[in-house]
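A closer look at the structure
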Amino acid sequence: MKHLILLLILSVNILPVASQKAVDKETVLKKVHETDAYVRQVRGYLHENPEISGKEFETAKYIQAELEKMGLPVTKVRGTGLYAILDTKRQGKTIGLRADIDALPIPENPENLKQKKKCISKNEGVSHACGHDGHVAILLGAAKILSELKDRLSGKYIFIFEEGEETIGGIDAMIEALKPLKIDAIYGNHLKSNIPTGQLFIREGAIMAGTGAVAMDIIGRGGHASRPDLSINPVFAAANILTGISIAWNNQRDITKTVTLGITQIEGSNIYNVIPNKAFIGGTIRFFDRDEADKCYDVMKKVAENIAAAHDCTVQLHDRHKIHLPPVINDNNLTKFTQGITEEILPGRVVTDEKYIWYAAESFTRYSELAPTVFVFPGILNESLGSGAEHHNDRFDIDEDALQYAVTTMVWFGVRTSAGK
């Protein structure tokens, strides 16, 4: 009997293990089709219930509840950010998939470029005018599909939901939280309003600009508007500084290295007959070359201080008057891989035209501190629907048909990159 038992044990140990059936593109496409209604529902709910950066409390609760329905344990990050891990318990790579969750303090216009929008914000003065509602819907849809395919996958998936992208308020905490997870590659996407629905912009190198803030006070001496000679008017100084900076910008920076200057604020007194003690100048710069950006900051400072001195004023730079984010630069190898696998599952959908490079900035660039990254732009432009208004515009709208392409690309990226260590 002992010999028989030993023989049975040995026979079990030498039997071939059934191979794990790989997930093919047909399976993914079928799952995306089945999940499409869910993705649209998520997007609709979030669009109607937007929350501004750092205040995404109900949004985070909603995301957590959806992830827990999928059986995914959630880890909260300082603030409202969170991530969830899908562990297949099989050897493979650790893949990060990321979305941002915040909305903007922009009152929503119920009309897009052509007709009434399908979804309208119920939170007065706040709207998803940049597409982050769609980003969360895409990632939750991808998480749902990958969870359902768990038994046929390898490695780990980290579903990242970042707080406060618009204010860069949640990225530091998220980066610190993710460091111990040793992620091998990170994928993100951003819906883009000037790319037709069904197309996906996937390009190596810099695809979004770096950004820095312009924030300075011009200090004078306040007084009654009837006697400007008894005051030192910082408003005139500020106006002259802006003129001086714009001239220097055109004549002192390297014209082969684009750096844009977007002055959006000049603030003095809020009373018509009072000369203020100080005037504020605010805005941003956008750049692709860090050295040239640093040079432009030097030019601004020199011009401001010299013109201010001519008006008997001084300049006080705010702490935020500096570079905040470098450009978003797609890893060459990971991007070429992503282009190739996207062509496998969505042939003819990849576009690489440099006209789609974006001068907006994105905190996604920081994830390159953790792993190679790729950032994809799924198009949402549909003239017949009326989507295509600029981001951060009150008429901004999403063509929800675009979401299926974004979900497909994200899921297929996860499937194809996770196998093997």
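Residues numbered from 1 in each chain as written. Predicted model: local features only at pLDDT ≥ 70, side-chain atom pairs only at ≥ 80, totals over all residues. Heavy atoms only, no water.

Topic: the overall build of the protein
For clarity, the threshold we go by: Secondary structure follows DSSP: runs of H or I at least 4 residues long count as helices, runs of E at least 2 residues long count as strands, and numbering of each begins at the N terminus. Burial here depends on accessible area, computed with a 1.4 Å probe over protein chains only, as a share of the maximum for the residue type. Under 20% is buried, over 50% is exposed, and the range in between is partly exposed. Charged residues are defined here as Lys and Arg on the positive side and Asp and Glu on the negative side; His and the ends of the chain fall outside this count. For the purpose of locating charges, the reference atoms are NZ of Lys, CZ of Arg, CG of Asp and CD of Glu.
Helix and strand counts for the protein stand at nine helices and 18 strands. Once the C-alpha set of the protein is aligned to its principal axes, its extents read approximately 110 × 45 × 40 Å. Taking all 421 residues of the protein together, 50% fall into the buried category. One way to put it: in the protein the 48 positive side-chain charges average out to a point 5 Å from where the 53 negative ones average out.

Points about the packing of aromatic side chains
Heads up, the condition is: Geometry of aromatic contacts follows a simple scheme: Phe, Tyr and Trp rings, the Trp one being its six-membered ring, pair when their centres are within 6.5 Å, and the pair is stacked under 30 degrees between planes, edge-to-face over 60, tilted otherwise. For a lysine, the NZ atom is tested; for an arginine, the CZ atom; a charge sits over a ring if that atom is within 6 Å of the ring centre and within 35 degrees of the ring normal.
Per the counting criterion, the structure on display carries 10 aromatic pairs. Judged by centre distance (5.8 Å) and plane angle (75 degrees), the ring pair of Phe 201 and Tyr 356 falls under edge-to-face. One end of the pair, Phe 201, is in strand β7 (residues 200-201); the other, Tyr 356, is in the loop between β17 (350-351) and β18 (373-381), and 155 residues separate them in sequence. There is no split in this pair, since Phe 201 and Tyr 356 are both buried. These aromatic residues form a ring-pair network of at least three members: Phe 201, Tyr 356, Trp 358, Phe 364, Tyr 367, Phe 375 and Phe 377. One Lys or Arg, Lys 192, reaches over the ring of Trp 358 and ends 5.0 Å from the middle of that ring.

Re a nonpolar patch on the surface
Rule in force here: Here, patches come from residues exposed beyond 30% relative accessible area and free of salt bridges, joined within 9 Å for like charges and within 5 Å for nonpolar side chains (Val, Leu, Ile, Met, Phe, Trp, Tyr). Only the protein chains shown count as covering a residue, and every accessible area follows the Shrake-Rupley method with a 1.4 Å probe. What counts as a salt bridge is simple: a side-chain nitrogen of Lys or Arg found within 4 Å of a carboxyl oxygen of Asp or Glu.
Taken together, Ile 271, Tyr 272 and Val 274 make up a surface patch of nonpolar side chains, about 360 Å² in accessible area. Relative to the helices and strands, Ile 271 is located in the loop between β11 (259-267) and β12 (274-275).

What to know about the pairing of β18
Let me state the cut-off plainly: When DSSP finds two or more bridges between a pair of strands, those strands are recorded as paired.
Taken across its nine residues, β18 has eight buried, putting it largely inside the fold. Relative to β18, strand β5 (residues 185-189) runs parallel, the two being bridged by four bridges. The partner of Tyr 187 across the bridge, within β18, is Val 374. Two elements, strand β6 (residues 192-196) and β18, share two bridges in a ladder whose sense is parallel. Pairing of Lys 192 across the sheet is with Gly 379, part of β18. Across two bridges, the pairing between β7 and β18 is antiparallel. From the neighbouring strand, Leu 200 faces β18, where its bridge partner is Pro 378.

Some thoughts on the side chain of Ser 193
As a reminder of what qualifies: Any pair of N or O atoms that falls within 3.5 Å is considered a polar contact. Within protein, one atom must be able to donate a hydrogen and the other to accept it, and sequence-neighbouring residues count only if both atoms are side-chain atoms. Contact between two residues is taken to exist if any of their heavy atoms lie within 4.5 Å; hydrogens are not considered.
Mapped onto the elements, Ser 193 comes out in strand β6. Within the structure, Ser 193 has its side chain in polar contact with the backbone oxygen of Ala 389 (distance 3.3 Å). Those residues within four positions of Ser 193 in sequence are excluded, and the remaining contacts are Ile 380, Leu 381, Gly 388, Ala 389, Glu 390, His 391 and Phe 396.

Remarks on the packing of helix α2 (residues 25-48) against helix α9 (residues 403-418)
For clarity, the cut-off: Where helices are involved, their axes are fitted lines through C-alpha atoms of the stretch in contact, as for all axes, and angles between N-to-C directions lie from 0 to 180°. Between 65 and 115 degrees an angle is taken as roughly perpendicular, under 35 as roughly parallel, over 145 as roughly antiparallel, and anywhere else as oblique. Handedness of a crossing is defined here by the sense of rotation of the near helix relative to the far one, left-handed for an anticlockwise turn of less than a right angle and right-handed for a clockwise turn.
Contact geometry for α2 and α9: axes closest at 9 Å, N-to-C directions at 130 degrees. If you check the angle between α2 and α9, you find them oblique. Crossing handedness for the pair α2 and α9: right-handed. Note on element contacts: α9 touches α2 through Leu 403, Gln 404, Val 407, Thr 408, Val 411, Trp 412 and Val 415, opposite Lys 25, Val 28, Leu 29, Val 32, Asp 36, Val 39 and Arg 43.

A look at the layout of surface pockets
Quick note on the threshold: Note on definitions: the grid is 1 Å and covers protein atoms alone; a cavity is a set of points where a 1.4 Å probe fits but cannot get out; a pocket is an open set with protein on both sides within 12 Å along at least five of seven lines; lining residues have an atom within 4 Å of a point. Grid points are joined across faces, edges and corners, and a volume is the space filled by probe spheres set on the points. Ten residue types, Ala, Val, Leu, Ile, Met, Phe, Trp, Tyr, Cys and Pro, are classed as nonpolar, four, Asp, Glu, Lys and Arg, as charged, and the remainder, Gly among them, as polar.
Taken as a whole, the largest pocket spans an internal volume of roughly 900 Å³. Surrounding the largest pocket, 36 residues form its lining, Glu 166, Thr 211, Thr 284, Arg 286 and His 392 being those nearest its centre. Here the lining of the largest pocket takes five residues from β11, the largest share from any one element. In terms of residue class, the lining of the largest pocket is made up of 16 nonpolar, 14 polar and six charged. The calculated volume of the second largest pocket comes to roughly 150 Å³. Taken together, 11 residues make up the lining of the second largest pocket; nearest its centre are Ala 22, Val 23, Arg 152, Val 415 and Ala 419. Each residue belonging to the lining of the second largest pocket can be placed in one class, and the counts come to six nonpolar, three polar and two charged.

Observations regarding the nonpolar core
Inclusion rule: Only buried residues count toward a nonpolar core. Its members are Ala, Val, Leu, Ile, Met, Phe, Trp, Tyr and Cys residues joined through side-chain atoms within 4.5 Å.
Counting residues in hydrophobic clusters, the biggest one holds 63 residues, and the most contacted among them are Leu 67, Leu 97, Leu 140, Leu 146, Phe 159, Phe 161 and Phe 413. Not counting residues up to four positions away in its chain, the partners in contact with Leu 67 are Leu 72, Val 74, Leu 82, Ala 84, Leu 140, Ala 143 and Phe 161. Of all hydrophobic cores here, the second largest spans 25 residues; its members include Ala 237, Ile 241, Cys 296 and Ala 308.

Structural notes on the confidence of the model for the protein
Applied cut-off: pLDDT: the predictor's confidence for each residue, scored from 0 to 100.
When pLDDT is averaged along the protein, the result is 94, and 95% of the positions lie at 70 or above. Note on residues 1-19: pLDDT under 50 across the span, and zero contacts to partners over four residues away in sequence or across chains.

Some details on the environment of Ala 60
For Ala 60, the location among the structural elements is in helix α3 (residues 57-69). Through-space distance from the C-alpha of Ala 60 to that of Ile 101 is 8.1 Å; in sequence the pair is 41 residues apart. Leave out the neighbours within four places in its chain, and Ala 60 touches Thr 80 and Leu 82.

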